[in-house]
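For reference, the chains in residue letters:
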Amino acid sequence: MVTLQPIAPQDIEAESFRIIERELGPTRFSTEEFAVVRRAIHATGDFSFAENFRFHPQAVAAGLAAIRAGKNILVDVTMAASGISSGLLARFGGRVLCRVAEPETAALAQADGTTRSDAAVARSVDDCIGIVAVGNAPTALLKTMELIDRGLFAPDLVIGVPVGFVNAAESKELLAEKPYPHITALGRKGGTPVAVAVVNALLRLAA
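Worth saying up front: this structure is predicted, and the values here are computed from it rather than measured. (Residues numbered from 1 in each chain as written. Predicted model: local features only at pLDDT ≥ 70, side-chain atom pairs only at ≥ 80, totals over all residues. Heavy atoms only, no water.)

Draft legend 1. Region of the structure containing the overall build of the protein. What the protein contains, in helices and strands, is eleven helices and six strands. Its C-alpha atoms give the protein principal-axis dimensions of about 60 × 35 × 35 Å. Counting the 207 residues in the protein, one finds 50% classified as buried. Looking at the protein alone, contacts between residues at least 24 apart form 64% of all its contacts between residues at least 6 apart. When the accessible surface of the protein is split by element, carbon and sulfur atoms take 52% of a total near 10,000 Å². Looking at charge distribution, the protein has the averaged site of its 20 positive side-chain charges lying 3 Å from that of its 22 negative ones. (Helix = DSSP H or I, 4+ residues; strand = E, 2+ residues; numbered from the N terminus. Buried < 20%, exposed > 50% of the residue type's maximum accessible area, 1.4 Å probe, protein only. Contact = heavy atoms within 4.5 Å. Areas by Shrake-Rupley, 256 points an atom, 1.4 Å probe, with all protein chains shown as cover. Lys, Arg positive; Asp, Glu negative; His and termini not counted. Charge placed at Lys NZ, Arg CZ, Asp CG, Glu CD.)

Given below as structure tokens:
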């Protein structure tokens, strides 16, 4: 027989976090890093992210500084733009940008023989981007790293957690080796809900 837990709506998230903390036990993460990982586990129900997440030593500090400076957040898909707490970001003056569905992006992708995700990143390098968050398209993450390596793009933090079987794990392995601030989750797992969870955790830490 199923027994439901009686709980007030406003207490559900806090109780979920307590369950996660209890089941995980001690971790290797700092307090702020754990806030990010905990929210990713909360969003997915998948405790393996506690093993797969990797943080550059300055990742959280760089992300918080970018948010507090009012910089924008670039995402790879419209689903991510819908999930991020834009109201929290707006308090600092920033916006969530996603150009993957714009006609100009499709035209550039066709002209260059690349994906819309690749073209969307290329079109955003001059838009005061503080954080790039990729949860779906490895091509967007690869383009971000390419432009940074060429000195053409300078986001403060790259969040790369694309899910999938073609270049997803490989793109994240490459990101994990980069010298600039990044957050990633190694392997095939990831996805837009994870990218959104990471950004929302940072927004709450910033606030």
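Draft legend 2. Broad picture of the nonpolar core. Core analysis: the biggest nonpolar cluster contains 45 residues, and F53, F55, I159 and L202 have the highest contact counts within it. With ten residues, helix 11 (residues 192–206) is the single largest residue contributor to this core. Ignoring sequence-local partners within four residues, the contact set of I159 consists of I131, V132, A133, V134, I183, V198, V199 and L202. Grouped together as the second largest cluster of nonpolar side chains are 16 residues, V132, V134, A140 and M145 included. (Core = buried A, V, L, I, M, F, W, Y, C linked by side-chain atoms within 4.5 Å.)

Draft legend 3. Highlighting the state of the cysteines. Considering all chains together, one arrives at zero disulfides under this definition. This cysteine, C98, is not joined by any disulfide, and C128 carries the nearest cysteine sulfur, 18 Å off. Judged by relative accessible area, C128 falls into the partly exposed class, the value being 47%. (Disulfide = S-S within 2.5 Å.)

Draft legend 4. Main features of the environment of R39. By secondary structure assignment, the location of R39 is in helix 2 (residues 31–44). By relative accessible area, R39 is classed as buried at 12%. In this structure the C-alpha to C-alpha distance between R39 and L203, which are 164 residues apart in sequence, comes to 12 Å. In contact with R39, other than residues within four places in its own chain, are E13, F17, A197, N200, A201 and R204. A distance of 3.4 Å separates a polar atom in the side chain of R39 from a polar atom in the side chain of E13. (Polar contact = N/O pair within 3.5 Å; in protein donor to acceptor, adjacent residues only side chain to side chain.)

Draft legend 5. Here's a closer look at the environment of P26. Structurally, the position occupied by P26 is in the loop between helix 1 (12–24) and helix 2. A residue is classified by how much of its surface remains accessible, and P26, at 84% relative accessible area, is exposed. For the pair P26 and A81, spaced 55 residues apart in sequence, the C-alpha to C-alpha distance is 33 Å.

Draft legend 6. Structural context of the environment of L64. Relative to the helices and strands, L64 is located in helix 4 (residues 59–68). For L64, a relative accessible area of 5% gives the class buried. Separated by 24 residues in the primary sequence, L64 and L88 have C-alpha atoms spaced 12 Å apart.

Draft legend 7. Broad picture of the packing of aromatic side chains. Going through the model one piece at a time under the given rule, you end up with three aromatic pairs. Seen in terms of ring centroids, F49 and F53 are 5.9 Å apart; in terms of plane orientation they differ by 70°. Their pairing is edge-to-face. No difference in accessibility class separates F49 from F53, as the two residues are buried. Members of the aromatic cluster, joined through ring pairs, are F29, F49, F53 and F55. In this structure, R38 packs its charged tip against the face of F17, placed 4.2 Å from the ring centre. (Phe/Tyr/Trp six-rings, centres within 6.5 Å; stacked < 30°, edge-to-face > 60°. Lys NZ or Arg CZ within 6 Å of the ring centre and 35° of its normal.)

Draft legend 8. Molecular detail of the pairing of strand 6 (residues 182–185). Residues H182 and T184 point to one face of strand 6 and I183 and A185 to the other, with burial holding for every one of them. In this structure, strand 1 (residues 53–55) lies alongside strand 6, joined through three bridges in antiparallel fashion. Paired with F53 across the strands is A185, a residue of strand 6. Of the strand pairs in this sheet, strand 5 (residues 157–160) and strand 6 are connected by three bridges, and their pairing is parallel. Looking across to strand 6, one finds that I159 is bridged to I183. (Pairing = 2+ DSSP bridges.)

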